[in-house]
Amino acid sequence: MARTPLTDFTGAEIRPGKLITFSTRRGNRVRVTEAVVVETKTNRAAGRVVPVLTVRPTGRESGISARKTLALRTIGAEHVVVIGDAEGQA
């Protein structure tokens with residue numbers, strides 16, 4: 001039996017190579033960050049299956065101050081939006 005694909009709230013499939021946006025906190029503010037999905041996985045530590053994503057930020061985000069690092073991040077998959085393919089992205 002095939003697994004159901006992971007989707008955002010609009011129904012777009014989240015898979016490696018897709019360009020997404022998600023909200024992050026910086027100090028006392030919230031900003032929108034753009035990233036490329038590297039890997040999709042699940043976390044079962046809380047007693048239920050929770051989808052998580054490993055992403056690489058592109059450096060484009062809202063806010064005045066620039067992002068300090070473009071290191072891989074692990075985020076929850078419940079509040080992301082797919083905005084396209086990551087062709088030409090870092």
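Fair warning: this is a prediction, and the values are worked out from it, not measured in the lab.

S.K.: What should I look at first to understand the overall build of the protein in this one?
M.R.: Looking only at helices and strands, one finds zero helices and five strands in the protein. Its helices and strands in sequence order give the protein the pattern β-β-β-β-β, from N to C terminus. In summary, the protein has a C-alpha radius of gyration of 13 Å against a globular reference of 12 Å for 90 residues, a match within 12%. Projected onto the principal axes, the alpha-carbon positions of the protein cover approximately 45 × 30 × 25 Å. Looking at the protein as a whole, 28% of its 90 residues are labelled buried. Sequence separation of at least 24 residues holds for 48% of the intrachain contacts in the protein that already meet a minimum separation of 6. Of the roughly 6,300 Å² of accessible surface on the protein, 50% is carried by carbon and sulfur atoms. For the protein, the distance from the average site of its 15 positive side-chain charges to the average site of its 8 negative ones is 9 Å.

S.K.: Any chance you could explain the nonpolar core here in plain terms?
M.R.: Nonpolar side chains tend to gather and get buried jointly when the protein is soluble and globular. In this structure, Ile 14, Ile 20, Phe 22, Ala 35, Val 37, Leu 53, Val 55, Ile 75, Ala 77, Val 80 and Val 82 together form the largest nonpolar core, which totals 11 residues. Of all the secondary-structure elements, those providing two or more residues to this core are strand 1 (18-26), strand 2 (29-43) and strand 3 (50-61). In contact with Ala 77, not counting residues within four places along its chain, are Leu 6, Ile 14, Pro 51, Val 52 and Leu 53.

Conventions we followed
- Residues numbered from 1 in each chain as written.
- Predicted model: local features only at pLDDT ≥ 70, side-chain atom pairs only at ≥ 80, totals over all residues.
- Heavy atoms only, no water.
- Helix = DSSP H or I, 4+ residues; strand = E, 2+ residues; numbered from the N terminus.
- Rg over C-alpha atoms; globule rule 2.2 N^0.38 Å.
- Buried < 20%, exposed > 50% of the residue type's maximum accessible area, 1.4 Å probe, protein only.
- Contact = heavy atoms within 4.5 Å.
- Areas by Shrake-Rupley, 256 points an atom, 1.4 Å probe, with all protein chains shown as cover.
- Lys, Arg positive; Asp, Glu negative; His and termini not counted.
- Charge placed at Lys NZ, Arg CZ, Asp CG, Glu CD.
- Core = buried A, V, L, I, M, F, W, Y, C linked by side-chain atoms within 4.5 Å.

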